[in-house]
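Secondary and tertiary structure notes
Listed below, chain by chain, are the residues.
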Amino acid sequence: MNELQQVLLIFAIIVIAGLYILQKIKAKRNQSAPDSQPEQPVENTRTSADKALNELGEAHIPLSQQTQHRLHMDGEEEEVIPDSQLGLSFGQEFEKPKTEAPTQEEETPSETEERKPRHIVLEAEDIHPVGGVEEGGASADDDDYKPSFGIPEGGVNTPETEVETELKDPQIFAIIVMGTDDFLWPKVNQTLQGVGLVPSEQGIFVKKDSMGNEIIRVANLMEPGTFPLDQPTNSELKTAGVVLILELPTTVKAPAVMHDMIMMSRKISQRLNGRLYDGERHLLKESDLQAMRDAAVAYESAAI
């Protein structure tokens, strides 16, 4: 061991010894402290407890002389009550002095008559209308002076006129659908039924309103104008075209039914790959279709 280690070892031993001695000293002091306290006398505690028990029966607040007198007063003696505290006899507190109502002085009959309202009647001997009556003339009746309010004496004569209604002349419009080649009958049948037309007993197709009335007719362009409805799938049958016919008036307003016929003809021409023509087989333009619409409007607005 070198010198440094020896010094450290000695220092550690000294520290440990000092701590041990200090611990012993503290232990001795703690043991000697409770032994040195003086014991309280037992007699003092007993006397204080007895005194507290004896004081329980005594009043904490002193009573006044008047209260003590009432407590020790004999039961036979009656307490004197002043007259001011006694109640009134029954009926005295409710009685009120009666006051007599002031009497009205009686009025004499002469005074009452003076107070009544007086009615003054004006009498006129001669009353005449404005303008007067000529001297020596006969007196006029009351009816002669009644205002006329511009009504002639003979009254207003209103001649009865009969309104004659003129029926519109029927007008017929037609649109023909044709193509460069003839149309096969099965395709025509399918197309016409596809646009809302139904076959009729006459051998043609018709469009009906909600009440079942025929408004538009579609006939075969070839004579006699009917379709072979009994052979709907016969592909050997052909037709050159179809014609849509509108006869005014109908149960539907003219502009509406004209619009339906034009739109229906366009659908048929598109499905059959055809074109629109008029009754004289002239090609229809958009201006011609608009002229047909205007004619329907004019027909509807004409006076009935």
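What you see is a predicted model; the values in this text were computed from it and never measured. Per chain, residues are indexed from 1 in the order of the written sequence. Where local features are concerned, this predicted model is filtered to residues with pLDDT of at least 70; where side-chain atom pairs are given and counted, the filter is 80 or more; whole-chain, interface and lining totals use all residues. Water and hydrogen atoms play no part in the side-chain values, which are based on all heavy atoms of the structure.

**Thoughts on the overall build of the protein**
Here is the rule we go by: Put simply, DSSP marks the helices as runs of H or I at least four residues long and the strands as runs of E at least two long, and each gets a number from the N terminus on. Each residue is placed in one exposure class: buried if its accessible area under a 1.4 Å probe, protein chains only, is under 20% of its type's maximum, exposed if it is over 50%, and partly exposed if it falls in between. Note on contacts: a residue pair is in contact if any heavy atoms of the two residues lie within 4.5 Å. Using a 1.4 Å probe, accessible areas were evaluated by the Shrake-Rupley method; residue-level cover was limited to the displayed protein chains.
Looking only at helices and strands, the protein has seven helices and six strands in total. Taking all 304 residues of the protein together, the buried fraction comes to 17%. Of all intrachain contacts in the protein linking residues separated by at least 6 positions in sequence, the fraction that spans at least 24 positions is 66%. Surface accessibility of the protein: about 26400 Å² in total, with carbon and sulfur atoms responsible for 52%.

**A few points about the side chain of S269**
Structurally, the position occupied by S269 is in helix α6 (residues 254-272). Filtering out sequence-adjacent residues up to four positions away, S269 remains in contact with V177, G274, R275 and L276.

**So, the nonpolar core**
Defined as follows: What is meant by a nonpolar core is a set of buried Ala, Val, Leu, Ile, Met, Phe, Trp, Tyr and Cys residues, joined one to another through side-chain atoms within 4.5 Å.
Counting residues in hydrophobic clusters, the biggest one holds 32 residues, and the most contacted among them are I175, V188, L192, L246, M258, M261 and I268. Breaking this core down by element, the ones donating at least two residues are β1 (171-184), α5 (185-194), β4 (214-220), β5 (238-248), α6 and α7 (286-301). Looking at this core, the element that brings in the most residues is α6, giving eight residues. Apart from the residues within four sequence positions on either side, M258 is in contact with F173, L246, M292, R293 and A296. Core analysis: the next-biggest nonpolar cluster, separate from the first, contains eight residues, I176, I204, V206 and Y277 among them.

**Some words on the pairing of β5**
Worth spelling out the cut-off: Strand pairing is assigned whenever DSSP detects at least two bridges linking the two strands.
The pairing of β1 with β5 spans 10 bridges and is classified as antiparallel. What sits directly across from L184, in β5, is K238. Bridging between β4 and β5 involves four bridges; their strand directions are antiparallel. The residue bridging N220 from the neighbouring strand is V242, located in β5.

**Some points on the packing of α6 against α7**
The line we're drawing: Angles shown run from 0 to 180 degrees and are taken between the N-to-C directions of axes, each axis being a line fitted to C-alpha atoms and, for helices, limited to the stretch in contact. An angle below 35 degrees is read as roughly parallel, one above 145 as roughly antiparallel, one from 65 to 115 as roughly perpendicular, and any other as oblique. We call a crossing left-handed when the near helix sits turned anticlockwise from the far one by less than a right angle, and right-handed when that turn is clockwise. Only Asp, Glu, Lys and Arg are considered charged, only Ala, Val, Leu, Ile, Met, Phe, Trp, Tyr, Cys and Pro nonpolar, and every remaining residue, Gly among them, polar.
It is the contact of α6 with α7, at a shortest axis distance of 8 Å, that shows an interaxial angle of 155°. Relative to α7, α6 is oriented roughly antiparallel. Between α6 and α7 the crossing geometry is right-handed. Judged by residue contacts, A254, P255, M258, H259, M261, I262, M263 and R266 of α6 engage E286, L289, M292, R293, A296, V297, Y299 and E300 from α7. Looking at the contact of α6 with α7 residue by residue, the class counts come to 11 nonpolar, one polar and four charged.

**A few points about the sheet that holds β1**
The antiparallel open sheet is built from six strands, whose spatial order is β2-β3-β4-β5-β1-β6. In this open sheet, the two strands that pair with only one neighbour each are β2 (198-199) and β6 (275-277). Note: β2 against strand β3 (residues 205-208), two bridges, orientation antiparallel. In the strand pairing of β3, P199 is matched with F205. With respect to the sheet, α6 is in contact with β1, β3, β4, β5 and β6, its orientation differing from that of β5 by roughly 170°. Those strands touched by α7 are β1 and β5, and its axis lies near 155° from that of β1.

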